[in-house]
Amino acid sequence: MIFGLLGPNGAGKTTLISILATLLKPDRGSVTVLGLDVTRDAAALRRRLNMASGRPSFLWSLRVGEIIAFYGRLYGLGGTRLRRRVDELIELTELTGHRHAAYNELSTGLKQRLALAKSLVNDPELLFLDEPTLGLDPDVSVRIRQHIARLRRERGMTIVLTTHYMREADELCDEIAFIKGGRILARGTPGDLKRQIRLG
């Protein structure tokens, strides 16, 4: 399933997803993800989820394969298992021809695909994608959306996706919540939501 968080810039999408991914602590209240408290059980929860940002940032001098391998080691992979996982992710995200390219040599679209590869290194139960097509050319955005749709179709992965593009949410998401000012104003299927906020 893909659940979308749709809203304008500054709506609170990134803040919410950062709390759910244990990167920020909530000011008050409690948050549970996969049955675990995001504050008390953060370490256990992080092993079961991952995140890719629409503004990826990796060490500029590392190469594509090295970056994926680095994050694989953080999740306890090593030796043959790590090499196999790096190969799988490079193939999945169509980065084979760029495996030995340094991060600072990559286009924005390739950086986004690398961020997606990194986010899959631990085969997460829950994947957070924060504006994964931000700033991309339309043809590159299409390819990124195809990768995301394939993850749901072939791996049955649960994905929470933030975007401010209704078209992207409509194409990818099974259910959408419209968020503004940190509040969920409407929620439903893409068709329901378009009727509720008069976009359809």
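Residues numbered from 1 in each chain as written. Predicted model: local features only at pLDDT ≥ 70, side-chain atom pairs only at ≥ 80, totals over all residues. Heavy atoms only, no water.

1. Remarks on the overall build of the protein
Convention followed: Counting from the N terminus, the helices are the DSSP runs of H or I reaching at least four residues and the strands are the DSSP runs of E reaching at least two. This radius of gyration counts C-alpha atoms alone. The globule rule is 2.2 Å times how many residues there are, raised to the power 0.38. For the exposure calls, accessible area comes from a 1.4 Å probe over protein chains only, and a residue counts as buried if that area is under 20% of its type's maximum, exposed if over 50%, partly exposed in between. When checking whether two residues touch, look at their non-hydrogen atoms; a contact exists if any pair is within 4.5 Å. Positive residues here are Lys and Arg, negative ones are Asp and Glu, while His and the chain termini are left out of the count. Charge positions come from single atoms, namely NZ of Lys, CZ of Arg, CG of Asp or CD of Glu.
Helix and strand counts for the protein come out as 8 helices and 8 strands. Computed over the C-alpha atoms, the radius of gyration of the protein is 17 Å, within 12% of the 16 Å expected from 2.2 N^0.38 for a compact globule of 200 residues. Relative to its 200 residues, the protein shows a buried fraction of 49%. For the protein, the share of sequence-separated contacts (at least 6 apart) that also reach a separation of at least 24 residues comes to 67%. Across the protein, the 31 positively charged side chains and the 22 negatively charged ones have centroids separated by 3 Å.

2. Considerations on the confidence of the model for the protein
Stated precisely, the cut-off is as follows: pLDDT expresses how confident the predictor is about each individual residue, on a scale running from 0 to 100.
The predicted model of the protein has a mean per-residue pLDDT of 89, with 98% of residues at 70 or higher. Confidence, read as mean pLDDT per element, is least for helix α8 (residues 190–196) in the protein (77) and greatest for helix α3 (residues 64–74) (95).

3. Concerning the packing of aromatic side chains
To keep things clear, this is the line we draw: Two rings belonging to Phe, Tyr or Trp (six-membered ring only in the last case) form a pair when the distance between their centres is within 6.5 Å. Interplanar angles under 30 degrees mark stacking, angles over 60 mark edge-to-face geometry, and anything in between is tilted. The rule for a charge over a ring is simple: NZ of Lys or CZ of Arg within 6 Å of the ring centre, and within 35 degrees of the ring normal.
By the definition in use, this model includes 3 aromatic pairs. With centroids separated by 5.5 Å and ring planes inclined at 85 degrees, the aromatic side chains of Phe58 and Tyr103 adopt a geometry described as edge-to-face. Of the two residues, Phe58 sits in the loop between β4 (49–53) and α3 while Tyr103 sits in the loop between α4 (79–92) and α5 (108–119), which places them 45 residues apart along the sequence. Across this residue pair, the class does not change: Phe58 and Tyr103 are buried. An aromatic cluster of three or more residues is present, and its members are Phe58, Phe70, Tyr71 and Tyr103. One Lys or Arg, Lys118, reaches over the ring of Tyr71 and ends 5.4 Å from the middle of that ring.

4. Digging into the environment of Tyr71
Inspection of the secondary structure puts Tyr71 in helix α3. For the pair Tyr71 and Thr163, spaced 92 residues apart in sequence, the C-alpha separation works out to 25 Å. Excluding residues that lie within four positions of it along the chain, Tyr71 makes contacts with Phe58, Lys118 and Val121.

5. Re the pattern of salt bridges
Quick note on the threshold: A side-chain nitrogen of Lys or Arg and a carboxyl oxygen of Asp or Glu constitute a salt bridge if their distance falls within 4 Å.
Applying the stated criterion to the full structure yields 10 salt bridges. With its nearest N and O atoms 2.7 Å apart, the salt bridge here joins Arg48 to Glu125. Pair noted here: Arg48 is in the loop between α2 (42–46) and β4 and Glu125 is in the loop between α5 and β5 (126–130), with a separation of 77 residues, a long-range link. Glu125 sits in the partly exposed class, given a relative accessible area of 42%.

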